[in-house]
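Residues per chain, in single letters:
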Amino acid sequence: MPAAGTLYRRAMLGALPGTGRRRGRELPAVELGVSGVTVEPAHLADYDRVCGFRLADRLPATYLHVLGFPLSLRLMTAADFPIPLTGVVHVANRITVRRPVRVGESVDFRTYAENLRPHDRGRQLDVVLVGSVDGEEVWRGVSTYLGKERTAGGGPRRDPGDRPAAPAASARWRVTPRVGTDYARVSGDHNPIHTSKLGARLFGFPRPIAHGMWSKARCLAALESRLPDAYTVDVAFKLPVPLPSTVAFSAATSGDGWDFALHGGRDGRPHLVGTVR
C-alpha cells in the first residue's frame, strides 16, 4: 500500500502558490491495484474502539474503506487527477457488502474514478474501491467527492426548501476533538481540517470537523447487531460535525432495512442521512 502520510504532504505542497500543476479536464484512464492486503488485529481493535464497534473477527463494512483508502488516495493525488485533494468535500458514500469478511482473509483491492459531472458549486466524481477475496468481489465502496470551483459547473441547482424537523433521537453522543485525531491515526486520513484549528480555518471552518467516514462508522456501530450478512449502506453527508459538539442519532425500520440520521444535538441541523438495504 502507498504511504498515506507521504501522499498528503505531496498534496499540501502542491497547493502552495506557484507550485500547483495544471489539472486535467478529464478523468485519467487508469486503475490501481494492490494484492494480498491483510488485517493487523491490533489495528482493527483500535479502529473498533474509535468508532464504537464490538471487538470481533468480522470486519465492519467501513473498515474495508480504511484498508483500501491509501490506494484511492494515490489515485486522487496524481498530477492529472481533475480535482485537487486539498479542499475536496466528501459528499456521499455507498458501501455494498457481498458477504462478511473476517480477520485472516487476504483482500485484493482495485480503485478507479468515474462519472465526472458538473455541480452547481463545481464538479463531482466518484472514486470506486473494490475488495476481492480469491477472485470474488466481496465488498465495493463508492465515494462521491465535490471539488469546489469559482465558476459554476452548470449542474442542477438544489432548492433547499424548508428544512424538515429532526426525528426523535435514539441516542446522543458527545464528539470530542480527540475523535478527529484518533480517527486520523487509525484511518490514515490526516486532512488538517479534521485535526488542526489552523488547518480548518484555512479551508473556511471555524474549528476542526469530524471525518465523514467516522460519522458513518459510528452510525453503523449503533446498528451493528441488526445488520444482515449482505447489504448496502448509503449515506449523504450534509453539514459538518464541528469538534467538539453533541450529535443526536436516530434510526427507524423501513421495509427490509433501516433509515438513519445524525443531527445536531442542540439545533437539529442535519449532519448525515443514510439507509441500509
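Here goes a summary of the coordinates provided. Keep in mind the model is a prediction, meaning the values are calculated, not measured.

Comments concerning the overall build of the protein
Looking only at helices and strands, the protein has six helices and ten strands in total. Each of the 277 residues in the protein was classed as buried or not, and the buried ones make up 48%. Partitioning the contacts of the protein with sequence separation of at least 6, the portion at a separation of at least 24 is 71%. Carbon together with sulfur atoms contributes 51% to the accessible area of the protein, which is approximately 13,700 Å² in total.

Observations regarding the packing of helix α3 (residues 61–76) against helix α6 (residues 212–222)
For the pair α3 and α6, interaxial distance at closest approach is 9 Å and the crossing angle is 150°. With respect to each other, α3 and α6 are oriented roughly antiparallel. Each of Ala61, Thr62 and His65 in α3 lies in contact with α6, whose residues at this interface are Met213, Lys216, Ala217 and Leu220. A class-by-class count of the residues in the contact of α3 with α6 yields four nonpolar, two polar and one charged.

A short note on helix α4 (residues 177–187)
Those residues of α4 not exposed but buried are Val179, Gly180, Asp182, Tyr183, Ala184, Val186 and Ser187. For α4, the secondary structure elements touched by its buried residues are α2 (41–51), α3, β6 (171–175) and α6. A positive phi of about 80° marks Gly188, the residue just after α4.

Notes on the packing of α2 against α6
Following both chains from N to C, one finds α2 and α6 inclined at 85°, their axes separated by 9 Å at the closest point. Relative to α6, the element α2 is oriented roughly perpendicular. The segment α2 lies against α6, with Tyr47, Val50 and Cys51 engaging Trp214, Ala217, Arg218 and Ala221. When the residues that make up the contact of α2 with α6 are grouped by side-chain class, the tally is six nonpolar, no polar and one charged.

Considering the packing of aromatic side chains
Tallying each qualifying case throughout the model produces four aromatic pairs. Here Tyr47 and Tyr183 contribute two aromatic rings whose centre-to-centre distance is 6.3 Å and whose plane-to-plane angle is 50°, an arrangement assigned as tilted. In this pair, Tyr47 is assigned in helix α2 and Tyr183 in helix α4, connecting sequence segments 136 residues apart. Here Tyr47 and Tyr183 have matching classes, each one buried.

Points about the environment of Val175
Mapping Val175 onto the fold places it in strand β6. A relative accessible area of 0% means that Val175 is categorised as buried. Excluding residues within four positions of it along the chain, Val175 makes contact with Trp214, Val241, Leu243, Pro244, Ser245 and Val247.

What to know about the pattern of salt bridges
Two side chains bearing opposite charge may form a pair once their charged atoms approach each other closely. All told, the structure shown has 16 salt bridges when counted by the stated rule. Across the pair Asp267 and Arg269 runs a salt bridge, and its minimum N-O distance is 3.5 Å. We classify Arg269 as partly exposed; its relative accessible area is 33%. In this structure, a network of salt bridges that share partners links the residues Asp46, Arg49, Arg178, Asp182 and Arg185.

Structural notes on the pairing of strand β7 (residues 231–237)
Here β7 shows a clear split, with Tyr231, Val233, Val235 and Phe237 buried on one side and none of Thr232, Asp234 and Ala236 buried on the other. As judged from the five bridges shared by β7 and strand β10 (residues 270–276), these two strands associate in the antiparallel manner. Each residue of the ladder has a partner; that of Phe237, found in β10, is Leu272.

Reading the values: rules and limits
Residues numbered from 1 in each chain as written. Predicted model: local features only at pLDDT ≥ 70, side-chain atom pairs only at ≥ 80, totals over all residues. Heavy atoms only, no water. Helix = DSSP H or I, 4+ residues; strand = E, 2+ residues; numbered from the N terminus. Buried < 20%, exposed > 50% of the residue type's maximum accessible area, 1.4 Å probe, protein only. Contact = heavy atoms within 4.5 Å. Areas by Shrake-Rupley, 256 points an atom, 1.4 Å probe, with all protein chains shown as cover. Axes fitted to C-alpha atoms, helices over the stretch in contact; angles between N-to-C directions. Parallel < 35°, antiparallel > 145°, perpendicular 65-115°, else oblique. Nonpolar A, V, L, I, M, F, W, Y, C, P; charged D, E, K, R; others polar. Phe/Tyr/Trp six-rings, centres within 6.5 Å; stacked < 30°, edge-to-face > 60°. Salt bridge = Lys/Arg side-chain N within 4 Å of Asp/Glu carboxyl O. Pairing = 2+ DSSP bridges.

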